[in-house]
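This is what each chain is made of:
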Amino acid sequence: MPVPPSAAISDMASLFEDDKLSDLTFVVQGEDATREFKAHRFLVGARCPGLRGMLTANMAEANSGTITLAETEPAAFKEFLRFLYTDDVPAAALEAMADHLLDLGKKYGVARLVALCENALASSLAVGNVADRLMLSNLHDAPRLKALCMDFYGRNSVAVMATAGFKRLTQH
């Protein structure tokens, strides 16, 4: 008897857009906007060690079903949440906000997302962005990205030192 292919990933992905069974609300306060996102406690807890702690400890967030996240860009958080449901990040999102997603991945202990973001940031290194990415790698303790940035800088130091990013780097 033939066995149908697994639908587990697509079933979980469909929950991302369907808040009917959600039991958790994220209030995400960005620089310019505040948005609410509905989620499923079991899935967020299973996929995200940092948020699992909030959901299982005797904290107000666990009891109320609402987690407020300050200083987080709503668009980046939406993609972070999508990753928790799908184990994937659309290429356009990685290109546009890998730095924000790296921050969220590091903050909440989502190692696969961190690796995807580091790869995206490393694959698009350029003279104009390497200094900023080096600062980002230091900020988020990303040694692999840092090593790649240093290697790139070593091969392009004269051009990199002429950038605004390098000036910001030397001021920190």
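Fair warning: this is a prediction, and the values are worked out from it, not measured in the lab.

J.: Hey, could you go over the overall build of the chain for me, with residue numbers and the actual values?
T.: A tally of helices and strands in the chain yields 11 helices and three strands. Helices and strands in the chain line up, N terminus first, as α-β-β-α-α-α-β-α-α-α-α-α-α-α. With the principal axes as the frame, the chain shows a C-alpha extent of 60 × 50 × 25 Å. Of all intrachain contacts in the chain linking residues separated by at least 6 positions in sequence, the fraction that spans at least 24 positions is 58%. Of the accessible surface of the chain, which amounts to about 9,600 Å², a share of 56% is contributed by carbon and sulfur atoms. Of the side-chain charges in the chain, 17 are positive and 21 negative, and the distance between the mean point of each set is 4 Å.

J.: Tell me about the packing of helix 6 (residues 91-108) against helix 7 (residues 111-123), and name the residues and values.
T.: What describes two packed helices is the angle between their axes and the distance between those same axes. The interhelical angle for the contact between helix 6 and helix 7, taken along N-to-C directions, is 140 degrees, at an axis separation of 8 Å. In the crossing of helix 6 with helix 7, the sense of the turn from one axis to the other is left-handed. Of the residues in helix 7, those touching helix 6 at L94, A98, D99, L101, L102, G105 and K106 are L113, V114, L116, C117, E118, A120 and L121. Looking at the contact of helix 6 with helix 7, its residues break down into 10 nonpolar, one polar and three charged.

J.: Talk me through the confidence of the model for the chain; I want residue IDs and the actual numbers.
T.: Summary statistics for the chain give a mean pLDDT of 92 and a share of 100% for residues scoring 70 or more. Ranking the elements of the chain by mean pLDDT puts helix 4 (residues 60-64) last with 78 and helix 5 (residues 74-86) first with 97.

J.: Describe helix 8 (residues 130-139), with residues and values.
T.: Judged by how many residues are buried, helix 8 sits mostly within the fold: seven of 10 residues are covered. Those residues of helix 8 not exposed but buried are V130, A131, R133, L134, M135, L136 and S137. Residues of helix 8 that are buried sit in contact with helix 6, helix 7, helix 9 (143-155), helix 10 (157-161) and helix 11 (164-171). Just beyond helix 8, the residue with positive phi is D141, at close to 50 degrees.

J.: Outline the pairing of strand 3 (residues 66-70), listing residues and values.
T.: Burial of the side chains of strand 3 is restricted to one face: I67 and L69 are buried, whereas none of T66, T68 and A70 on the reverse face is. Here five bridges tie strand 1 (residues 24-29) to strand 3, and the two strands are oriented parallel to one another. Directly across from V28, in strand 3, lies its bridge partner L69.

Calculation rules
Residues numbered from 1 in each chain as written. Predicted model: local features only at pLDDT ≥ 70, side-chain atom pairs only at ≥ 80, totals over all residues. Heavy atoms only, no water. Helix = DSSP H or I, 4+ residues; strand = E, 2+ residues; numbered from the N terminus. Contact = heavy atoms within 4.5 Å. Areas by Shrake-Rupley, 256 points an atom, 1.4 Å probe, with all protein chains shown as cover. Lys, Arg positive; Asp, Glu negative; His and termini not counted. Charge placed at Lys NZ, Arg CZ, Asp CG, Glu CD. Axes fitted to C-alpha atoms, helices over the stretch in contact; angles between N-to-C directions. Left-handed = near helix turned anticlockwise from the far one by under 90°. Nonpolar A, V, L, I, M, F, W, Y, C, P; charged D, E, K, R; others polar. pLDDT = per-residue confidence, 0-100. Buried < 20%, exposed > 50% of the residue type's maximum accessible area, 1.4 Å probe, protein only. Pairing = 2+ DSSP bridges.

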